[in-house]
Amino acid sequence: MNLRRTIDSYLENRKVTVRYAGQEYNKGTNKGCVQGSIGGPILWNLLLDPLLRKLEQNGVFCQAFADDVVLIFDGDTALDIETQANATLEHVRTWGIDHKLKFAPHKTCAMVITRKLKFDAPRLSMGGVNIAMSNEIKILGLTIDHKLTFNQHVAGVCRKALNMYKKLARTARVSWGLHPEVIRTIYTAAVEPVVLYAASAWAPAAKKLGVIKQLNTVQRGFAQKICKAYRTVSLNSALLLAGMLPLDLRVQEAASLYEAKKGVPQSALLDREVERMSSAMEAPHPAEHSDLEVISLVDQQQVDSYSNYQVRIFTDGSKIGGKVGAALSIWKGETEIKAHKLALSEQCTVYQAELLALCKATREITASREKTFGIYSDSMAALQTIQNRKCFHPLAVEARDNLRTSSRQGKMVTLHWIKAHAGLEGNERADVLAKEAAVGSKRKPNYDRCPVSFVKRAIRTATIEEWNRRYVDSDTASGTKLFFPDAVNAYKMVRKIQPTGIRTQLMTGHGGFSEYLHRFKCKESPSCICDPAVRETVPHILLECPVHDQMRFDLEMKLNLNLKLANMKELITSANREEFLNYCEKICKQVAKRNESS
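Throughout, a residue's number is its position along its own chain's written sequence, starting from 1. Local features in a predicted model are, by the rule used here, given only for residues with pLDDT of at least 70; side-chain atom pairs are given and counted only at 80 or more, and totals for whole chains, interfaces and linings are based on all residues. Neither water nor hydrogens contribute to the side-chain values; these are computed over all heavy atoms in the structure.

Visitor: Quick one: what's the story with the packing of helix α18 (residues 501-508) against helix α23 (residues 577-597), residue by residue and with numbers?
Guide: Only C-alpha atoms enter the line fits that serve as axes; for helices the fit covers just the stretch in contact. Angles between N-to-C directions range over 0 to 180 degrees. A run of H or I in DSSP counts as a helix once it spans at least four residues, and a run of E counts as a strand once it spans at least two, with each numbered from the N terminus. Following both chains from N to C, one finds α18 and α23 inclined at 90°, their axes separated by 10 Å at the closest point. The angle between α18 and α23 falls in the class roughly perpendicular. Residue-level contacts link I502, R503, L506 and M507 of α18 to E578, L581, N582, C584, E585, C588 and K589 of α23. Following the grouping adopted for this structure description, the nonpolar residues are Ala, Val, Leu, Ile, Met, Phe, Trp, Tyr, Cys and Pro, the charged ones are Asp, Glu, Lys and Arg, and the polar ones are all others, Gly among them. Tallied by class, the residues present in the contact of α18 with α23 amount to six nonpolar, one polar and four charged. Roughly parallel covers angles under 35 degrees, roughly antiparallel covers those over 145, roughly perpendicular covers 65 to 115, and oblique covers all other angles. By definition in these notes, contact holds between two residues if any of their heavy atoms fall within 4.5 Å.

Visitor: Tell me about the packing of aromatic side chains, and name the residues and values.
Guide: Two aromatic rings, drawn from Phe, Tyr or Trp (for Trp, its six-membered ring), form a pair once their centres lie within 6.5 Å of each other, and the interplanar angle then sorts them: stacked below 30 degrees, edge-to-face above 60, tilted otherwise. For the structure shown, the criterion picks out eight aromatic pairs. Taken together, Y165, Y187 and F222 form an aromatic cluster joined through their ring pairs. In our convention, an over-ring charge means Lys NZ or Arg CZ found within 6 Å of a ring centre and within 35 degrees of that ring's normal. The cationic tip of K481 hangs over the ring face of Y471; the distance from NZ or CZ to the ring centre is 5.5 Å.

Visitor: How would you summarise the sheet that holds strand β11 (residues 294-297) if you had to cite specific residues and measurements?
Guide: Consider a sheet: its strands pair through backbone hydrogen bonds, and that pairing is either parallel or antiparallel. For two strands to be treated as a pair, DSSP must find no fewer than two bridges joining them. The mixed open sheet is built from six strands, whose spatial order is β11-β16-β15-β12-β13-β14. In this open sheet, the two strands that pair with only one neighbour each are β11 and β14 (335-344). Adjacent strand axes in the sheet meet at a mean angle of 25° when their direction is disregarded. Summarising the sheet, β11 and strand β16 (residues 412-418) pair through four bridges and their orientation is parallel. The residue bridging L297 from the neighbouring strand is I418, located in β16.

Visitor: Give a detailed account of the pattern of salt bridges, specifying residues and quantitative values.
Guide: Salt bridges are defined by distance alone: a side-chain nitrogen of Lys or Arg within 4 Å of a carboxyl oxygen of Asp or Glu. Under the defined criterion, the tally for this structure stands at 28 salt bridges. Here E192 ties to R250 by a salt bridge, and the two come within 3.3 Å at their closest N and O atoms. Of the two residues, E192 is situated in helix α5 (residues 180-196) and R250 in helix α9 (residues 247-261); the sequence distance between them amounts to 58 residues. In this structure, E192 and R250 share a single accessibility class: buried. Through salt bridges with shared partners, a single ionic network connects D248, E466, R469, R470 and D473. Buried means the residue's accessible area, taken with a 1.4 Å probe over protein chains only, is under 20% of the maximum for its type, while exposed means over 50%, and partly exposed covers the values in between.

Visitor: Lay out unusual backbone geometry with the relevant residues and their values.
Guide: Its identity is not glycine, yet L148 carries a phi of approximately 55°, on the positive side. With respect to the element layout, L148 can be found in the loop between β10 (142-145) and α4 (151-169). Even without a glycine there, the phi angle at K228 is positive, about 60°. With respect to the helices, strands and loops of the structure, K228 is situated in the loop between α7 (209-227) and α8 (235-242).

Visitor: Explain helix α21 (residues 549-559) to me, using residue names and the numbers behind them.
Guide: Here α21 has its buried residues at R552, L555, E556 and L559. Projected down its long axis, α21 carries its buried residues within an arc of 100°, all on one side. Across from the buried face of α21, at angles greater than 90 degrees, the exposed residues are Q550, M557 and K558. The first or second residue beyond α21 is N560, which carries a positive phi of 60°. Read the arc as the range of directions from the helix axis to the C-beta atoms.

Visitor: Could you give me a rundown of the pairing of strand β1 (residues 15-20), with the residues and numbers involved?
Guide: Little of β1 is tucked away: zero of the six residues are buried. Bridging between β1 and strand β2 (residues 23-28) involves six bridges; their strand directions are antiparallel. Each residue of the ladder has a partner; that of T17, found in β2, is N26. Taken together, β1 and the strand that follows it, β2, pair antiparallel across an intervening segment of two residues, in which A21 is found at a positive phi of about 55°.

Visitor: Go over the environment of E12 with me, naming the residues and quoting the values.
Guide: Here E12 lies in the loop between α1 (2-11) and β1. The exposure class of E12 is partly exposed, given its relative accessible area of 47%. Along the chain, E12 and V547 lie 535 residues apart, while their C-alpha atoms are 89 Å from each other.

Visitor: I'd like a rundown of the nonpolar core, residues and numbers included.
Guide: Nine residue types can take part in a nonpolar core, namely buried Ala, Val, Leu, Ile, Met, Phe, Trp, Tyr and Cys, and a core is a set of them joined through side-chain atoms within 4.5 Å. Among the nonpolar cores identified, the biggest contains 74 residues, and F483, F484, L542 and F580 are the most heavily contacted of them. In this structure L542 touches F483, L506, R552, L563, M568, Y583, C584 and I587, once residues within four positions along its chain are discounted. Counting 30 residues, the second-largest nonpolar core is a separate cluster that includes L344, A353, I386 and L403.

Visitor: Can you tell me about the side chain of R552, naming the residues and giving the values?
Guide: Looking at the secondary structure, you find R552 in helix α21. At 3.4 Å, the side chain of R552 and the side chain of Y583 are in polar contact. Discounting residues that sit within four places of it in the chain, R552 has contacts with H540, I541, L542, L543, E544, C545, L563 and Y583. Pairing of N or O atoms within 3.5 Å defines a polar contact, subject to two protein rules: one partner must be a possible hydrogen donor and the other a possible acceptor, and residues neighboring in sequence count only if both atoms are side-chain atoms.

Visitor: Let's hear about a negative patch on the surface: which residues, and what values?
Guide: Patch membership requires over 30% relative accessible area and the absence of a salt bridge. Like charges are linked within 9 Å, and nonpolar side chains (Val, Leu, Ile, Met, Phe, Trp, Tyr) within 5 Å. Per-residue and other accessible areas were derived by the Shrake-Rupley procedure at a 1.4 Å probe size, with only the shown protein chains allowed to occlude residues. Lys and Arg are tallied as positive, Asp and Glu as negative. Neither His nor the chain termini are counted. A charged residue contributes its charge at one atom only: NZ of Lys, CZ of Arg, CG of Asp or CD of Glu. Taken together, the side chains of D299, D304, E334 and E425 make up a negatively charged region of the molecular surface. Within the fold, E425 resides in helix α14 (residues 425-440). Among the residues examined, E425 registers a relative accessible area of 51% and is labelled exposed.

Visitor: Tell me about a nonpolar patch on the surface, and please be specific about residues and values.
Guide: Side chains of V16, V18, Y20 and Y25 sit close together on the surface and give an oily, nonpolar patch of about 480 Å² of accessible area. Broken down by element, the residue count for the nonpolar patch peaks at three residues, all from β1. With respect to the element layout, Y25 can be found in strand β2. A relative accessible area of 54% means that Y25 is categorised as exposed.

Visitor: Describe the packing of α1 against helix α2 (residues 39-57), naming the residues involved and giving the relevant values.
Guide: Axis angle and axis distance: for two packed helices, these are the angle between their axes and the distance between the axes, and together they describe the pair. Where α1 contacts α2, the axes come no closer than 12 Å and their chain directions differ by 115°. Relative to α2, the element α1 is oriented roughly perpendicular. Both α1 and α2 take part in a crossing whose hand is left-handed. For the pair formed by α1 and α2, the contact residues are I7, Y10 and L11 on the first element and G39, G40 and L43 on the second. Considering only residue class, the contact of α1 with α2 consists of four nonpolar, two polar and no charged. With the far helix as reference, a near helix turned anticlockwise by less than a right angle produces a left-handed crossing, and one turned clockwise produces a right-handed crossing.

Here you go:
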């Protein structure tokens, strides 16, 4: 009755007010839900749900989001589809009349998806109004065409991304403008989400050459701005120096991650089961929720003051050498009465181990005959996960269910956070047991579900390997390959190097060098001043040109090695990286200044 009164209060005495030119006009309204209100979607769902259920019972595939409903029919002939669709549309129209709703046939469109080259289009109508056929339909921002090529969708998102780039390009140049990290943030936070939206639906299209070219066009400009490169720099060089993955591979990556979270097997995971969040629909009624309090204890004195429980349970998790274990130590008075060691798969995290130990502790409590319990853990993250009823981690959900069961049994359970490695007896004992479980366990793991972090790493590793294959096999980026011969190591290293215009010129060969300037008709000769027969390239000025012999000799003495083409890649990844880069920058600046004056 109280709920009914709340709804009545929400709907009664409603009016629309218009104020214009100093005048005000009011009109009462008794239809529809308040636009933008919290209760509006709930009331609409209550109204529309019976129609969706009836359509499903009739064997019609339907999906709905807010007031947009999609109906899908299949058949061997156009007549079959026409018969099914018209009967369903008439049922929908009749239902709408019975519930004082009017559907808009003129806003409704239909699309035929078939591999047949010749076919008859079904004739559809609703309430005597013909429904127009279309070659593409936009559903929740995803443009679906009648051949499922997704070319129109890709073209649309690329246009949006390029418009962003045009605005950004005005404020970022090689020698001035936005900082590279600002551009990277804009790209990551604004551009990529636009392109990757609904990637799981159109990811197969990203393997087509035409789509890859469109995505490369979008990404090339941003990559060049981030690494402060000239426009002539190749996509492979710009992406590597900017530390960006190719956009088509990012699309595949986003789709793989989405599928993995939905339980679709992935080759990168080797048939491992992914940890999936529990459904919110399975959560208990809000009235059954009980607030859980976590009490923080920082020393032995505070622990002793909160130890007047019949049973105390200390939990801990550990990861050593890639092996993961968890444990709990159960105490009664000053004596340990029981201990449990739990093994987890190698891909699991310490966070999962801490949650598993807490979950096991709550199971022990439900099976115990005692009435008061204290649980002690040094993982605040795991305790807060259990405390947060909006978190649906499977272990946290099970722990909360166990705590509710214990409460119904008349048991009192208190959660405590204690400081790790502070000499607390119970915590130290649990830590030892957890390490033993991680290192010494030979049995099947007690928990083996992959965390999302592991899934992301596995998919990212596969992506980088594919990118490396493209990079190594490509005919471009020859100048960049002198410093970074493979993309795997470069991806780890390049973010540690502050991008500047002169460094990018050095690592691409596109800059104030005679060979480059001659190629673009900016200088008559590509030769170096040391010898008219020798081209002025980056390897020449750094390793061979006698003009810079003194600087080269000083660096070799300082680093205690001979500068050669073969060890340039090693210098970039070594502790002497900055010394080497400073040497390169000085020479490049001298060469560029000399060529500029000439």
